[in-house]
Amino acid sequence: MMVHGRGEILLVLIVCAIVFLQPPVMGKFPTCTATQKREILMQCRLFILEAESSVPKDGPCCEAVRAVPNRNMKCVVVLLSDPEKKRFKEERILSLKNFC
């Protein structure tokens, strides 16, 4: 059995305190799911593609937006595939938070 110096023990205790006493890291934006993203793209398609200028607050698009935690449309944009990014207007998706 090896005897450690006080400095080494103190260092281990400090490292453990730093690692284990940190509050859990919570992202600024709660996560959303791929299912929620698909629902937004399907229900809000005409608005996102600029075929409609607004969406009714009581319609299926806003219902899908409200299903995303905190109406976090940034999360939805992050989940877009490359072909979806080319097809759908990211700015329009982000604006859904304010419309709904």
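Here the residue index of a chain counts from 1 through its sequence in written order. Where totals are concerned, whole chains, interfaces and linings use all residues; where local detail is concerned, this predicted model gives features only for residues with pLDDT of at least 70, and gives and counts side-chain atom pairs only at 80 or more. The basis for every side-chain value is the complete set of heavy atoms in the structure, and neither hydrogens nor water enter the calculation.

Another aspect to go through is the pattern of salt bridges. Any carboxyl oxygen of Asp or Glu within 4 Å of a side-chain nitrogen of Lys or Arg constitutes a salt bridge here. If you walk through the whole model with that rule in mind, you get 2 salt bridges. For the salt bridge of E84 with K37, the shortest nitrogen-to-oxygen distance reads 2.8 Å. In this pair, E84 is assigned in helix 6 (residues 82-87) and K37 in helix 2 (residues 34-43), connecting sequence segments 47 residues apart. The pair E84 / K37 is uniform in exposure class, with both members buried. For K89, the salt bridge goes to E50, with nearest N and O atoms at 3.9 Å. Taken as a pair, K89 in the loop between helix 6 and helix 7 (90-99) and E50 in the loop between helix 3 (45-48) and helix 4 (60-66) lie far apart in primary sequence, 39 residues in all. Under the DSSP-based scheme used, a helix requires at least four consecutive residues in state H or I and a strand at least two consecutive residues in state E, with every element numbered from the N terminus. Per-residue accessibility, obtained with a 1.4 Å probe over protein chains only, is compared with the maximum for each type, and a residue is labelled buried under 20%, exposed over 50%, and partly exposed between these values.

This brings us to unusual backbone geometry. With a phi close to 55°, N70 is a non-glycine residue in the positive phi region. Topologically, N70 is positioned in the loop between helix 4 and helix 5 (73-78). Given the relative accessible area of 56%, N70 is considered exposed. Of note, the phi angle at R71 is positive, near 50°, even though the residue is not glycine. On the basis of relative accessible area, R71 is assigned to the partly exposed category, the value being 29%.

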